[in-house]
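Below are the chains, spelled out letter by letter.
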Amino acid sequence: MMIVTMDDVSKAYKTTTILDKLSLGIKEGERVVLLGPSGCGKTTTLRLIAGFVAPDSGTVSIAGESVSRDGQIIKPPEERKVGMVFQDFALWPHLSVKENIEFGLKAKGIAKAKREEQVRKMLVVVDMDGYADRKPAELSGGQQQRTALARALALQPKLLLMDEPLFSLDQELNSRLRREIVLLQEKLGFTMLYVTHNRDEAFAIATRIVMMQKGRLEFDGSVAEAEYRLRQV
Ligand SMILES: Nc1ncnc2c1ncn2[C@@H]1O[C@H](COP(=O)(O)OP(=O)(O)O)[C@@H](O)[C@H]1O
Ligand SMILES: [Mg+2]
């Protein structure tokens, strides 16, 4: 089952082509890492899948249903069952950990008892149950990222998009969280599209690697194939 399909998706800003007829399919349960240098169009790809921007041409489908096509957003982000985790975490600074995780559930109109149960579950999943009442400023970078993960996963997305989520963390924490993300994905079974420009991070996280260069896909294969290819150049 394809969770997301991009068919010949192009996107330009003014006269600059950012994505050039990009086609990509992601199957249920995959951990796909989109690897490429800064400015190659990775974030734009995620924003197209999430529904924040529309493709100029081409189609984006989620679970077999067209959600954007030829300049038009058919399904808005909140109806796509797609979660997103950002490089800067984007937590609400005035809300506690618990309230941050609860936020999207509330917006979806989920009843209080159900919300609280889900928040409790997510706090345990990301090992943050001792920090429910802290504000983001009172957390370490790793704890902030775990909170952002819990917030995204609380909505039980079909697909989790992660945009350089470990970029701002130090090397040791970066390595530890790579493992945690993989374990969490294996436990919960969500599908993941993870963006990074860091090769080692890509190798540690992916079940499949897609490399991008100037708005085009230039490689799509296993971690072993990607490692082999990158050794050649
Ligand atoms: N809203 C925008 N308006 C104009 N140009 C943009 C916009 N968003 C991204 N770009 C440009 O598109 C290119 C790709 O950006 P992006 O997708 O953020 O790349 P990456 O995430 O791989 O670093 C960059 O040259 C960037 O400056
Ligand atoms: Mg980016």
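Residues numbered from 1 in each chain as written. Chains lettered and ligands numbered in written order. Predicted model: local features only at pLDDT ≥ 70, side-chain atom pairs only at ≥ 80, totals over all residues. Heavy atoms only, no water.

S.K.: What is the right way to read the packing of helix H2 (residues 97-107) against helix H4 (residues 141-154) from this model?
M.R.: Pairs of packed helices are described in terms of their axes, by the angle between the two and the distance that separates them. Direction vectors running N to C along H2 and H4 enclose 25 degrees, while the axes themselves pass 8 Å from each other. As judged from the angle between their axes, H2 and H4 are roughly parallel. Here the hand of the crossing between H2 and H4 comes out right-handed. Between H2, through Val97, Asn100, Ile101 and Leu105, and H4, the contact on the second element is made entirely by Thr147, Ala150, Arg151 and Ala154. Here the residues of the contact of H2 with H4 sort into five nonpolar, two polar and one charged. (Axes fitted to C-alpha atoms, helices over the stretch in contact; angles between N-to-C directions. Helix = DSSP H or I, 4+ residues; strand = E, 2+ residues; numbered from the N terminus. Parallel < 35°, antiparallel > 145°, perpendicular 65-115°, else oblique. Left-handed = near helix turned anticlockwise from the far one by under 90°. Contact = heavy atoms within 4.5 Å. Nonpolar A, V, L, I, M, F, W, Y, C, P; charged D, E, K, R; others polar.)

S.K.: Would you mind showing me how to read the site of ligand 1 here?
M.R.: The environment of ligand 1 is made up of Tyr13, Ile18, Pro37, Ser38, Gly39, Cys40, Gly41, Lys42, Thr43 and Thr44. Residue Gly39 places a main-chain N or O atom 2.7 Å away from an oxygen atom belonging to ligand 1. At a separation of 2.8 Å, an oxygen atom of ligand 1 approaches a polar side-chain atom of Thr43. Burial of ligand 1 by the protein chains amounts to 55% of its free accessible area of 560 Å². Looking at which element gives the most residues to the shell around ligand 1, the answer is helix H1 (residues 42-50), with three residues. Residue composition of the shell around ligand 1, by class: four nonpolar, five polar and one charged. (Near = heavy atom within 4 Å. Polar contact = N/O pair within 3.5 Å; in protein donor to acceptor, adjacent residues only side chain to side chain. Areas by Shrake-Rupley, 256 points an atom, 1.4 Å probe, with all protein chains shown as cover.)

S.K.: Explain the pairing of strand S8 (residues 159-163) here, please?
M.R.: As a general feature of sheets, a regular strand has side chains that alternate between the two faces. Of all five residues in S8, five are buried; the element is thus mostly enclosed. What you see with S8 is no split at all: Leu159, Leu161 and Asp163 on one side and Leu160 and Met162 on the other are buried throughout. The sheet contact formed by S8 and strand S9 (residues 191-196) spans five bridges and is parallel. Bridge assignment links Leu160 to a residue of S9, and that residue is Met192. Remark: the S8/helix H5 (residues 171-188)/S9 crossover connection has right-handed handedness. (Buried < 20%, exposed > 50% of the residue type's maximum accessible area, 1.4 Å probe, protein only. Pairing = 2+ DSSP bridges. Right-handed = clockwise from strand over helix to strand, strands pointing away.)

S.K.: It is not clear to me how the domain arrangement of the protein should be interpreted in this structure. Could you clarify?
M.R.: How big an interface is tends to be stated in terms of accessible area lost as the parts join. Per the domain assignment, the segments making up the protein are domain 1 (1-81 + 157-233) and domain 2 (88-156). Computed from C-alpha coordinates alone, the two centres of domain 1 and domain 2 are separated by 24 Å. With 16 residues of domain 1 at the interface, the matching set in domain 2 holds 12 residues. The three residues of domain 1 that bury the most area against domain 2 are Pro157, Leu160 and Leu184, which together make up 38% of that side's buried surface. Counting every contact that joins domain 1 to domain 2 gives one salt bridge. One can count two residue pairs in polar contact (both at pLDDT 80 or more) joining domain 1 with domain 2. Where the side of domain 1 that touches domain 2 is concerned, the elements lending two or more residues are S8 and H5. Broken down by element, the side of domain 1 that touches domain 2 gets its largest block of residues, seven residues, from H5. (Domains from an automatic or database assignment. Buried area = accessible area lost by both parts, 1.4 Å probe. Salt bridge = Lys/Arg side-chain N within 4 Å of Asp/Glu carboxyl O.)

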